[in-house]
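# Structural overview
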Amino acid sequence: MESMAEIFKPWRMNRLGVPNKLVRSATWEGLANPEDGSPTPQLTQALADLAKGGVGLIITGYAFIHPRGRGRPRQTGIHRDDLVDSLADVSHAVHRAGGLVAMQIVHAGGQTKAEWIGQKPLGPSALIHPFYGEEVAGMSLGQIEDTIEDFARAAARVKAAGFDAVQLHGAHGCLINQFLSPLTNRRQDDYGGGLENRARFAYDVLAAARSAVGLDYPLFIKLNSADYEAGGLGLADGIEVAKGLDARGVDAIEVSGGTPAAGKLSAVRTVRGVGGEGYFLSNAVAIKEAVSCPVISVGGWRSKARVAEALEQVDAVALCRPFIRQPDLANRWQANDETSACISCSQCFEVGMRHGLGCGQLFHEPKGHVPKANPPGAGPVGPAGSWRSMVYV
Ligand SMILES: Cc1cc2nc3c(=O)[nH]c(=O)nc-3n(C[C@H](O)[C@H](O)[C@H](O)COP(=O)(O)O)c2cc1C
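Chains are numbered independently. Their residues run from 1 in the order of the written sequence. It should be noted that, the model being predicted, local features are given only for residues of pLDDT at least 70 and side-chain atom pairs only at 80 or more, the latter also being counted only at that level, while totals for whole chains, interfaces and linings use all residues. As a convention, hydrogens and water are excluded, and side-chain values are obtained from all of the structure's heavy atoms.

### Considering the packing of helix α8 (residues 200-213) against helix α9 (residues 235-247)
Axis separation between α8 and α9 bottoms out at 10 Å; the angle between their running directions is 25°. Looking at the two axes, α8 sits roughly parallel to α9. Once α8 is placed against α9, the crossing between them reads as right-handed. Each of A202, Y203 and L206 in α8 lies in contact with α9, whose residues at this interface are E240, V241, G244 and L245. For helices, the fitted axis covers only the stretch in contact; all axes are lines through C-alpha atoms, and the angles between them, taken along N-to-C directions, range from 0 to 180 degrees. Helix numbers and strand numbers start at the N terminus; a helix is a DSSP run of H or I with at least 4 residues, a strand a run of E with at least 2. Any angle between 65 and 115 degrees counts as roughly perpendicular, while under 35 counts as roughly parallel, over 145 as roughly antiparallel, and the rest as oblique. Note on convention: near helix rotated counterclockwise from far helix by under a right angle means a left-handed crossing. Clockwise means right-handed. The contact rule is simple, with two residues in contact once any of their heavy atoms fall within 4.5 Å.

### Re the pattern of salt bridges
Here, a salt bridge means any side-chain nitrogen of Lys or Arg that lies within 4 Å of a carboxyl oxygen of Asp or Glu. Under the defined criterion, the tally for this structure stands at 21 salt bridges. A salt bridge links D315 to K288, with the nearest nitrogen and oxygen atoms 2.8 Å apart. Linking D315 in the loop between α11 (304-310) and β14 (316-319) with K288 in helix α10 (residues 281-290), this pair joins segments that are 27 residues apart in sequence. Several salt bridges converge on common partners, so that one network encompasses E6, K9 and K21.

### Some remarks on the pairing of strand β6 (residues 101-106)
Only protein chains enter the calculation, and the probe is 1.4 Å; a residue is then buried if its accessible area is under 20% of its type maximum, exposed if over 50%, and partly exposed in between. By the criterion of burial, β6 is predominantly enclosed, with six of the six residues buried. Because side chains alternate across β6, one face comprises the buried residues V101, M103 and I105, and the other comprises A102, Q104 and V106, equally buried. The pairing of strand β5 (residues 63-64) with β6 spans two bridges and is parallel. The residue bridging A63 from the neighbouring strand is I105, located in β6. Strand pairing requires that DSSP identify at least two bridges connecting the strands.

### Details of helix α5 (residues 141-160)
An ideal rise of 1.5 Å per residue puts 28 Å on 20 residues; α5 measures up with 29 Å between its terminal C-alpha atoms. Turning to α5, its buried residues are I144, T147, I148, D150, F151, A152, A154, A155, R157 and V158. Residue G162 follows α5 closely and has a positive phi angle near 85°. The length a helix should cover is 1.5 Å for every residue beyond the first.

### Describing the sheet that holds strand β7 (residues 122-123)
Strand order in the open sheet formed by three strands is β7-β9-β8, with mixed pairing between adjacent strands. Both outer strands of the open sheet, β7 and β8 (127-128), are each paired with one neighbouring strand and no more. For β7 and strand β9 (residues 135-138), the ladder comprises two bridges, and the chain directions are parallel. Residue G123 lies in a different strand from β9, and its bridge partner there is G138.

### Let's talk about the nonpolar core
In terms of nonpolar packing, the biggest core is built from 84 residues, with L22, I105 and F201 touching the most fellow members. No other element matches the eight residues that α8 contributes to this core. Aside from chain neighbours lying at most four places away, what touches I105 is A63, I65, I78, F151, A154, A155, V158, V166, Q167, L168 and H169. By nonpolar core is meant a set of buried Ala, Val, Leu, Ile, Met, Phe, Trp, Tyr and Cys residues that side-chain atoms within 4.5 Å join together.

### Some words on the site of the ligand
Any residue with a heavy atom lying within 4 Å of a molecule or strand is counted as near it. In the vicinity of the ligand there are 24 residues, among which A26, W28, Q104, G300 and R321 approach most closely. Y62 has a polar backbone atom sitting 3.0 Å from an oxygen atom of the ligand. Whenever two N or O atoms come within 3.5 Å, that pair is a polar contact, provided that in protein one can donate a hydrogen and the other can accept it, and provided that, for residues adjacent in sequence, both atoms are side-chain atoms. With respect to the ligand, the side chain of Q104 contributes an N or O atom lying 2.8 Å from a nitrogen atom. Only the protein chains shown count as cover for residues, and the accessible areas themselves come from Shrake-Rupley with a 1.4 Å probe. Look at the ligand: alone it shows 610 Å² of surface, and the protein chains cover 100% of it. Among the residues forming the shell around the ligand, the class breakdown is 13 nonpolar, eight polar and three charged. Lys, Arg, Asp and Glu make up the charged group, whereas Ala, Val, Leu, Ile, Met, Phe, Trp, Tyr, Cys and Pro make up the nonpolar group; the residues left over, Gly among them, are polar.

Next up, the structure:
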């Protein structure tokens, strides 16, 4: 079928030629060293396996730009210059396997736990986080300026480590999204209030990262088109922010939505049949109509036919859970018309917390049994056998 061929046509993001339109959306792997966030051989292997599996562009799991912005245990760090060499080994391994790799960079803001970062989380405004239940401290202007610089320094490290692109995490309730949302941003200075003020942090981060990496280095963003929370960022505002980022030179926008506090309407949803696929596509199409840069649609893509149809409206599609289940899904789609074996159970979060990247359907607990829920009072991740409830990113 002609339209299926569209999946395997190349596209461009700034200077980067991407060989096909399948992107591995950022996926926290839980495979970094717990102390400093440096990569492990298992992380390198997982990304090289994806490259061998034929996906056009791999986006790493979110990497923290500052220890205070770490969102989860065993998350990769991009907060120190001395990590560049070990991260270069990762990008080189992906290149040797024939792939391309971008790194997603993040500050989790208030969406983390004090026990994971050793201090009170920071956000645009002081509040109790609706999902994590943590007390969040409001950022001073100086802390905002420092964090913008942290993003810029992290972007420069991504480039120095040989990655092909850098993606800002502006979705799923992380710090950039916290500034955009009126629910979490109650500031009364230049960074709060009307949309132009709430978007200022995103624009400043983009500008600082751009100065750090240069005009021809691919710099893109994963953006919440809407938060799906009463009083949160709505689609009309999401489109305005996308326009603002486009006007300021972002190289592509991956359109997502939802936050952990949005429950069933989070970024990571159940997908029921082909009709449930691509649950943010209409938002991506609305953004595509408003911007000139490439637009990537993420969220619930499972079948080759639906992906091919979507590519009539957007430039590329990104998948997360299907590539956990089948890292070679792109090669499979090149050979056959099949649907991903992923059933969207999202147990990959639980497996990730316990052992690192893995599919809940394929995973067998060595001692027999994968618990379905977090026992009350379970401690932080660390020693084998500890367990926490599912926490979204
Ligand atoms: C285990 C797991 C880890 C994730 N880690 C990230 C992440 O680091 N950064 C991010 O932007 N989204 C993350 N996501 C969200 C996915 O990138 C994606 O937006 C979402 O799962 C919907 O796509 P899917 O239906 O193809 O899984 C994660 C999702 C899962 C299931």
